[in-house]
Amino acid sequence: MLLGHPVSHSLSPVFQNAALRAAKIPLKYETLDVAPSELRSVLRELRESKAAGNVTIPHKTAVHASCDKVSDVADRVGAVNTFWFEAGELYCDNTDVAGFDAAVRALLGGDPVNARVVLLGSGGAAAAVLAAAESWQNARVAIVARNHEKARKLARRFRDVAGVETSLQKALAGATLVVNATPVGQHDDEEPVDVGMIEPTAAVFDLVYRRGGTPWVKSARKKGCRAADGLPMLLEQGALSFQRWFGIEPDREAMRQALL
Ligand code: NAP
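Numbering of residues begins from 1 in every chain and follows the order in which that chain's sequence is written. Per-residue local features of the predicted model are confined to residues with pLDDT of at least 70, and side-chain atom pairs are confined, for both listing and counting, to 80 or more; whole-chain, interface and lining totals are unaffected and use all residues. Just so you know, side-chain values use all the structure's heavy atoms and leave hydrogens and water out.

A. Structural context of the pairing of strand β10 (residues 177-180). Both faces of β10 are covered, namely the face carrying Leu177 and Val179 and the face carrying Val178 and Asn180. Two strands pair when backbone bridges link them, and strand β7 (residues 116-120) and β10 are joined in this way by 4 bridges, in the parallel orientation. Residue pairing for β10: Leu119 is matched across the bridge by Val179. Between any two strands, pairing holds if DSSP finds at least two bridges. Each helix is a run of H or I in the DSSP string that is no shorter than four residues. Each strand is a run of E no shorter than two, and both are numbered from the N terminus. With 4 bridges connecting them, β10 and strand β11 (residues 203-206) associate as parallel partners. The partner of Val179 across the bridge, within β11, is Phe205. Relative accessibility decides the category of a residue: with a 1.4 Å probe and only protein chains considered, values under 20% of the type maximum give buried, values over 50% give exposed, and everything between is partly exposed.

B. How the structure looks around helix α5 (residues 96-108). Each residue after the first adds 1.5 Å to the expected span of a helix. For α5, spanning 13 residues, the distance from its first C-alpha to its last is 18 Å, which sits close to the expected 18 Å at 1.5 Å a residue. A positive phi of about 75° marks Gly109, the residue just after α5.

C. Summary view of the state of the cysteines. The criterion for a disulfide is a pair of cysteine sulfur atoms lying within 2.5 Å. The final tally for this structure, using the stated rule, is 1 disulfide. One disulfide bridge connects Cys67 with Cys92, the sulfur atoms lying 2.2 Å from each other. Between Cys67 and Cys92, the disulfide has an S-S torsion of -105° and is therefore left-handed. Of the two residues, Cys67 is situated in the loop between α3 (60-66) and β4 (69-70) and Cys92 in strand β6 (residues 89-93); the sequence distance between them amounts to 25 residues. Assigned by exposure class, Cys67 and Cys92 land together as buried.

D. Quick look at the pattern of salt bridges. What counts as a salt bridge is simple: a side-chain nitrogen of Lys or Arg found within 4 Å of a carboxyl oxygen of Asp or Glu. Considering all chains together, one arrives at 13 salt bridges under this definition. Note that Arg210 and Asp189 form a salt bridge whose closest N and O atoms lie 3.4 Å from each other. A residue pair is termed long-range when its members are at least 10 positions apart, and Arg210 in the loop between β11 and α9 (215-223) and Asp189 in the loop between β10 and β11 qualify at 21 residues. Exposure remark for Arg210: the relative accessible area of 24% places this residue in the partly exposed category. A network of salt bridges, in which partner residues are shared, links Asp101, Arg105 and Asp111.

E. Up close: the side chain of Asp96. Within the element layout of this structure, Asp96 appears in helix α5. When checking whether two residues touch, look at their non-hydrogen atoms; a contact exists if any pair is within 4.5 Å. Among residues more than four places away in sequence, those in contact with Asp96 are Lys60, Asn81, Ala128, Met233 and Gln237.

F. Structural context of the site of the ligand. Lining the immediate environment of the ligand, one finds 22 residues, of which Ser122, Ala125, Arg146, Lys150 and Gln186 sit closest. For this analysis, a polar contact is any N or O atom pair within 3.5 Å, provided that within protein one partner can donate a hydrogen and the other can accept it, and provided that sequence-adjacent residues contribute only side-chain to side-chain pairs. Residue Gly124 places a main-chain N or O atom 3.0 Å away from an oxygen atom belonging to the ligand. Here the open area of atoms and residues is found with the Shrake-Rupley method and a 1.4 Å probe, where only the protein chains shown may cover a residue. With the chains in place, 76% of the 930 Å² that the ligand exposes on its own is no longer accessible. Residue composition of the shell around the ligand, by class: 10 nonpolar, 8 polar and 4 charged. Note: domain ranges come from an automatic or database domain assignment. Looking at the shell around the ligand, you find at least three residues from each of domain 1 (2-94 + 233-257) and domain 2 (97-229). Whether a residue is near a molecule or strand is decided by its heavy atoms; if any one of them lies within 4 Å of it, the residue is near. For this classification, Asp, Glu, Lys and Arg are treated as charged, while Ala, Val, Leu, Ile, Met, Phe, Trp, Tyr, Cys and Pro are nonpolar and the rest, including Gly, are polar.

G. Structural view of unusual backbone geometry. Looking along the chain, the bond that leaves His5 and enters Pro6 is cis, with omega of 0°. By secondary structure assignment, the location of Pro6 is in the loop between β1 (2-4) and α1 (12-22). Of note, the bond from Ile57 into Pro58 is cis; its omega dihedral lies within 30 degrees of zero at 5°. Following the sequence through the fold, Pro58 ends up in the loop between β3 (52-55) and α3. The phi dihedral of Asn114 falls on the positive side, at around 55°, and the residue is not glycine. Judged by its relative accessible area of 40%, Asn114 falls in the partly exposed class.

In structure tokens, the structure reads:
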């Protein structure tokens, strides 16, 4: 199941149910709309029923705080997106980091070496991006966010790779990868950055996903940039969650086909 508020628009049930069918596992993946005030009692009920699932906005940090056993990567991010129960204990992980990492490698066609990253946003997904960038060889990340204090706090947590840049123009000069980790473009045709400001040699990665692609990715491709939206990351984080729950590889192609 997917815990969030609201979650009815999520694409996760579409590809998780395809993976369950392909693996002949007689379970159904469902969304559960949980208001923040209900989270503790819902987690108690889920413990009783030995449930497993994903966590999304706004519960990723609160569930992290409730975990009995948490992975190192989820601790690094300070947020979880995957949970399951074992012997009555709540286990948590964050597969967004590996999902983002895999999607960027696919976009670049290999290891991100000497990446000069511009990261738009300073929320939970931005922390997952920074946790991935920490594992890349010689990466530097300039965080550009509307809340400078929050951005500085995030940069301090990832001081080995990250700094804050208040001038978007300066940040974009020499960037090799521009990442949108804000929700801009999710519900309308707004673009997080005018692609006219981005070098055509830079790659563009939009964490936002929409069936048919996001407007920003379409504009970036028109300009000649390599660009990907958040769907490949969403699929990979979901596939990795499935692995945690069942101990087997899901059928990624069946998951991908379900979204077409
Ligand atoms: P979050 O924790 O709420 O953070 C959102 C960030 O975007 C904050 O820095 C926020 O600034 C900023 N922001 C919000 N609206 C903005 C605007 N109009 N202009 C400029 N900045 C704005 O959310 P999140 O969990 O990081 O998620 C961010 C996006 O990534 C969402 O669209 C989510 O669906 C997507 N996502 C995708 C995947 C995937 O698998 N593809 C995984 C995770 C997240 P303030 O702090 O000032 O509000």
